[in-house]
Amino acid sequence: MPYTAQDIPGKIAVLIPCYNEEVTIGKVVDDFFKVLPQATVYVYDNNSSDATARIAAEHGATVVKETRQGKGNVVRQMFREIDADYFIMVDGDDTYPAEKAVDLIMPLVEGRADMTVGDRLSNGSYGEENDRAFHGFGNNLVRWLIKVIYGYNFYDVMTGYRAFNKIFVKTMPVMSPGFEIETELSIHAVDKRWRIEDVPIDYRDRPEGSESKLNTFSDGMKVLKCICSLFKDYRPMALFGWLSVIFVALGLIAGVPVIAEFGITGMVPRLPTALLAVALVLCGLLALTAGLILDTVVNSHRKKYELDVLYTYERLGIHR
């Protein structure tokens, strides 16, 4: 028997970051009220120049103005200000099915997950509906990078349809200002070993008259930069360890012929090459030292984060 909204105990918040979505926002708000009648629907208007805020309010949403431009800035403020037991985050473009909201929340209710991810890719609906060039390629590239770097295989990293429990939201340090927020949420959940569950959904493309705010190339580069930055922050030993190996290998490639020639002739005629080899090996050793120091710092931060999570459980009165 399928779950219904009545099976969800506690307070539900639907979070909708919005920028110029007057064509679709009314339907999105109505759809979520229909599926989750007990929920509070929050629309955070991010400097829209159209009637997004007015239409959302007319349809019963709680509308809040966020002047700092960028989806990440909006999500950060939502996480700070809104109190609930379960949170659904969704875009205001009517591409995600509201009828899957209960399926996203129930793994949180049953304690199987701390974050659920609306997976558009495994059933092929995203590829069928989305005809924008390179979007699928970009998503697959990010998935592959996260699998290689962090060892977790997301089906859909870039989806904007997710659900979170209270402890996840109230301990999530949002740093990204823009569309990198989905990548940051995913990597944070993996690094901090939160429970994650993928929920297949049927994606639909934007209706006529609704335009995407995502720039494939500029925002794609920001996502890749975010992955690299978080790699440095979360896995410094892996990053600097590989740099160390590369520098030392290059130093050996440059230095072994010089050493061999010295062994035969007792002379070092290629002094610049010898200096280059020594410099490369020293860079490798410095990279290794930096990795060891930063790894110690990161592990210390992880321990502090775990204690902060325990404190937050107690402060919020959450029992698992």
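Residues numbered from 1 in each chain as written. Predicted model: local features only at pLDDT ≥ 70, side-chain atom pairs only at ≥ 80, totals over all residues. Heavy atoms only, no water.

Novice: Hey, could you go over unusual backbone geometry for me, with residue numbers and the actual values?
Specialist: Keep in mind that most residues, glycine aside, have a negative phi and that most peptide bonds are trans. The phi dihedral of Asn47 falls on the positive side, at around 65 degrees, and the residue is not glycine. Here Asn47 is to be found in the loop between β2 (40–45) and α2 (52–58). Residue class for Asn47 comes out partly exposed when judged on its relative accessible area of 25%. (Helix = DSSP H or I, 4+ residues; strand = E, 2+ residues; numbered from the N terminus. Buried < 20%, exposed > 50% of the residue type's maximum accessible area, 1.4 Å probe, protein only.)

Novice: Tell me about the nonpolar core, and please be specific about residues and values.
Specialist: Counting residues in hydrophobic clusters, the biggest one holds 43 residues, and the most contacted among them are Phe79, Tyr150 and Phe164. At six residues, the largest contribution of residues to this core is made by helix α9 (residues 216–234). If we skip the residues at most four places from it in the chain, Phe164 touches Phe79, Asp85, Tyr86, Phe87, Met89, Leu108, Asp114, Met115, Val169 and Leu185. Within the second largest apolar cluster, 36 residues are counted, among which are Val41, Ala56, Ala101 and Val109. (Core = buried A, V, L, I, M, F, W, Y, C linked by side-chain atoms within 4.5 Å. Contact = heavy atoms within 4.5 Å.)

Novice: Quick rundown of the sheet that holds β2? Include the residues and the values.
Specialist: The strand order across the open sheet built from seven strands is β3-β2-β1-β4-β6-β5-β7, with neighbouring strands paired in mixed fashion. A strand with exactly one partner marks an edge of an open sheet, and here the two such strands are β3 (62–65) and β7 (196–200). Taking each pair of neighbouring strands and ignoring which way they run, the sheet shows an average axis angle of 20 degrees. Note that strand β4 (residues 86–89) and strand β6 (residues 162–165) share four bridges and pair antiparallel. Looking at β6, one finds that Ile88 is bridged to Ala163. Relative to strand β1 (residues 12–18), helix α3 (residues 71–81) is tilted by about 155 degrees, and along the sheet it contacts β1, β2, β3, β4 and β6. Its contacts with the sheet place helix α8 (residues 181–191) against β4, β5 (115–119), β6 and β7, and it is angled at close to 45 degrees to β6. (Pairing = 2+ DSSP bridges. Axes fitted to C-alpha atoms, helices over the stretch in contact; angles between N-to-C directions.)

Novice: Residue-level account of helix α4 (residues 101–109), with values.
Specialist: Most of α4 sits inside the fold, with eight of its nine residues counted as buried. Listing the buried residues of α4 in full gives Ala101, Val102, Leu104, Ile105, Met106, Pro107, Leu108 and Val109. Where α4 is buried, its residues contact β1, α1 (25–35), β4, β5, β6 and β7. Just downstream of α4 lies Gly111, where phi reads positive at about 75 degrees.

Novice: Before we move on, can you summarise the packing of helix α10 (residues 236–265) against helix α11 (residues 271–316) with the specific residues and values?
Specialist: Across the interface, α10 lies against α11 with an axial gap of 7 Å and an inter-helix angle of 165 degrees. The orientation of α10 with respect to α11, classified from their angle, is roughly antiparallel. Every pair of crossing elements has a handedness; the one defined by α10 and α11 is left-handed. (Parallel < 35°, antiparallel > 145°, perpendicular 65-115°, else oblique. Left-handed = near helix turned anticlockwise from the far one by under 90°.)

Novice: Residues and numbers for the packing of aromatic side chains, please.
Specialist: For the coordinates displayed, the defined rule picks out seven aromatic pairs. For the cation-ring pair, Arg120 lies above Tyr203, with the distance from its terminal atom to the ring centre recorded as 5.6 Å. For the cation-ring pair, Lys192 lies above Tyr305, with the distance from its terminal atom to the ring centre recorded as 5.3 Å. (Phe/Tyr/Trp six-rings, centres within 6.5 Å; stacked < 30°, edge-to-face > 60°. Lys NZ or Arg CZ within 6 Å of the ring centre and 35° of its normal.)

Novice: Report on the pairing of β4, specifying residues and quantitative values.
Specialist: Alternating positions in β4 separate into two faces, Tyr86 and Ile88 on one and Phe87 and Met89 on the other, with burial throughout. For β1 and β4, the ladder comprises four bridges, and the chain directions are parallel. Its bridge partner lying in β4, Val14 is registered against Ile88.

Novice: Outline the packing of α3 against α8, supporting the account with residue identities and numerical values.
Specialist: α8 packs onto α3 with a crossing angle of 55 degrees between their chain directions and a minimal axis gap of 9 Å. As far as their axial angle goes, α8 and α3 are oblique. Residue-level inspection shows Lys71, Gly72, Val75 and Phe79 of α3 in contact with α8, the latter providing Ile181, Glu182 and Leu185. Counted by class, the contact of α3 with α8 contains four nonpolar, one polar and two charged residues. (Nonpolar A, V, L, I, M, F, W, Y, C, P; charged D, E, K, R; others polar.)

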